[in-house]
Amino acid sequence: MNIFRLTGDLSHLAAIVILLLKIWKTRSCAGISGKSQLLFALVFTTRYLDLFTSFISLYNTSMKLIYIACSYATVYLIYMKFKATYDGNHDTFRVEFLVVPVGGLSFLVNHDFSPLEILWTFSIYLESVAILPQLFMISKTGEAETITTHYLFFLGLYRALYLVNWIWRFYFEGFFDLIAVVAGAVQTILYCDFFYLYITKVLKGKKLSLPA
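Residues numbered from 1 in each chain as written. Predicted model: local features only at pLDDT ≥ 70, side-chain atom pairs only at ≥ 80, totals over all residues. Heavy atoms only, no water.

The protein is annotated in an unreviewed UniProt entry as ER lumen protein-retaining receptor from Jaculus jaculus.

Right under this line is the structure:
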């Protein structure tokens, strides 16, 4: 494992922890898209079914279990424990417009036409667009809390570091996964506008807002 993969994983974990702590400490999920969190739970569930069929390392297995557990914990907090604070009126992105095309694409473009491989491919494609409901929600409300922007920053940083990881692996290991690279590039592009606003506003103590 190279340093970019490790720091990418740690950034991803930091994003998840920041979100959970935000919800738990404020006792509120205001400003958080439940739909995005449901999509991420679906991503981890379909990606890590190999937990039942293969073992790579203790680190690998531990991280997979943490991602799955944290994603469902977040969904539980939003839709059950702190349901009264969930802003469903602004979380209106039509997720079927993401899930259905992604599902069809995963059947058409994959590495191997087998159930586990198709589900893995589905998770890769879906993760690249799973943040859209959250970004759409911010554009509707007009702004985001600072802690929510920190969550989004680390989530975007994780994917950007993974892109560098794939470049590293291509040059030093001869490994190249076109599906993962293209999906990762799409996901990183979606964060570009947010990164700019985060650096120019949030880091200067201003509130972040996305254009409607």
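### Describing the packing of aromatic side chains
In this description, an aromatic ring pair is defined by two values, namely the gap between the centres and the angle between the planes. As a reminder, the rule being used: Note on aromatic pairs: the rings of Phe, Tyr and Trp (six-membered ring only in Trp) are paired at centre separations within 6.5 Å, and the planes decide the class, stacked below 30 degrees, edge-to-face beyond 60, tilted for the rest. For helices the rule is a DSSP run of H or I covering at least 4 residues; for strands it is a run of E covering at least 2, with both sets numbered from the N terminus onward. Buried, partly exposed and exposed residues are distinguished by accessible area as a fraction of the type maximum, computed with a 1.4 Å probe on protein chains only: under 20%, between the cut-offs, and over 50%, respectively. The criterion is that NZ of a Lys, or CZ of an Arg, lies within 6 Å of the ring centre and within 35 degrees of the ring normal, and then a charge sits over that ring.
For the structure on display, the rule yields 14 aromatic pairs. Their ring planes at 90° and their centres at 5.9 Å tell us that Y162 and W166 sit as a pair that is edge-to-face. Here Y162 and its partner W166 are both found in helix 7 (residues 146-173), 4 residues apart, which amounts to about one turn of the helix. W166 carries the same exposure label as Y162, and that label is buried. The interplanar angle of 80° and the centroid separation of 5.4 Å between the aromatic rings of F170 and Y171 together place this pair among those described as edge-to-face. Residue class for F170 comes out partly exposed when judged on its relative accessible area of 43%. Among the aromatic side chains, those forming a connected cluster through ring pairs are F4, W168 and F172. The ring of F175 carries the charged tip of R169 above its face, separated from the ring centre by 3.9 Å.

### Section: the UniProt feature "transmembrane region" (unreviewed entry) in the protein
Selection rule: UniProt positions are given in the numbering used here, feature names are shortened, and annotations may be inferred rather than shown by experiment.
According to UniProt, the "transmembrane region" (unreviewed entry) feature falls on residues 65-82, 119-139, 151-172 and 178-199. Taken end to end, residues 151-172 comprises 100% helix and 0% strand; its first and last C-alpha atoms sit 31 Å apart. Across residues 178-199, helical content stands at 100% and strand content at 0%; the span's end C-alpha atoms are separated by 30 Å.

### Structural notes on the pattern of salt bridges
Our working definition: Put simply, a salt bridge is a Lys or Arg side-chain nitrogen that is within 4 Å of an Asp or Glu carboxyl oxygen.
Scanning the model with the defined rule gives 7 salt bridges in all. Between R47 and E127 there is a salt bridge, with its nearest N and O atoms 2.7 Å apart. Taken as a pair, R47 in helix 2 (residues 34-47) and E127 in helix 5 (residues 115-129) lie far apart in primary sequence, 80 residues in all. Take R47: its relative accessible area is 9%, and that puts it in the buried class. Relative accessible area serves as the criterion here: at 1%, E127 is assigned to the buried category. Between E96 and R94 there is a salt bridge, with the nearest N and O atoms lying 2.4 Å from each other. Among the charged side chains, a salt-bridge network with shared partners connects R47, E127 and R159.

### Points about the packing of helix 1 (residues 3-26) against helix 3 (residues 58-81)
Two quantities define a packed helix pair, namely the angle between the axes and the distance from one axis to the other. Spelled out, the test is: Simply put, an axis is a line fit to the C-alpha atoms, just over the touching stretch for a helix, and the angle between two N-to-C directions goes from 0 to 180 degrees. Here the word oblique covers every angle except those under 35 degrees (roughly parallel), over 145 (roughly antiparallel) and from 65 to 115 (roughly perpendicular). Crossing handedness follows the turn of the near helix against the far one: under a right angle anticlockwise gives a left-handed crossing, and clockwise gives a right-handed one. Only heavy atoms matter for contacts: two residues are in contact if any of them lie within 4.5 Å across the pair.
Following both chains from N to C, one finds helix 1 and helix 3 inclined at 25°, their axes separated by 10 Å at the closest point. Between helix 1 and helix 3, the angle falls in the class roughly parallel. Helix 3 is crossed by helix 1, and the crossing has left-handed handedness. Facing R5, L6, D9, H12, L13, I16, L19, L20, I23 and W24 of helix 1, the residues of helix 3 in contact are Y59, N60, M63, I66, Y67, C70, A73, T74, L77, I78 and K81.

### Things to note about the state of the cysteines
Note the cut-off: A pair of cysteine sulfur atoms is labelled a disulfide when the two atoms are within 2.5 Å.
With the rule as written, the count across this model stands at 0 disulfides. There is no disulfide at C29, and the cysteine sulfur nearest it, in C70, is 17 Å away.

### Observations regarding the side chain of R47
Using the following cut-off: Residues adjacent in sequence count toward polar contacts only when both atoms are side-chain atoms; beyond that, a polar contact is any pair of N or O atoms within 3.5 Å, and within protein one must be able to donate a hydrogen and the other to accept it.
Within polar-contact distance, the side chain of R47 engages the side chain of S123 at 3.0 Å. Those residues in contact with R47, other than ones at most four positions away along the chain, are W120, S123, I124, E127 and Y158.

### Concerning the environment of D177
Looking at the element boundaries, D177 is found in the loop between helix 7 and helix 8 (178-200). Residue D177 is classed as buried on the basis of its relative accessible area, which comes to 11%. Remark: the alpha-carbon pair of D177 and K22, spanning 155 residues in sequence, is separated by 35 Å. With near-sequence residues (within four places) excluded, D177 lies in contact with H111 and W120. Within the structure, the side chain of D177 is placed 3.2 Å from the backbone nitrogen of I179, a separation counted as a polar contact.

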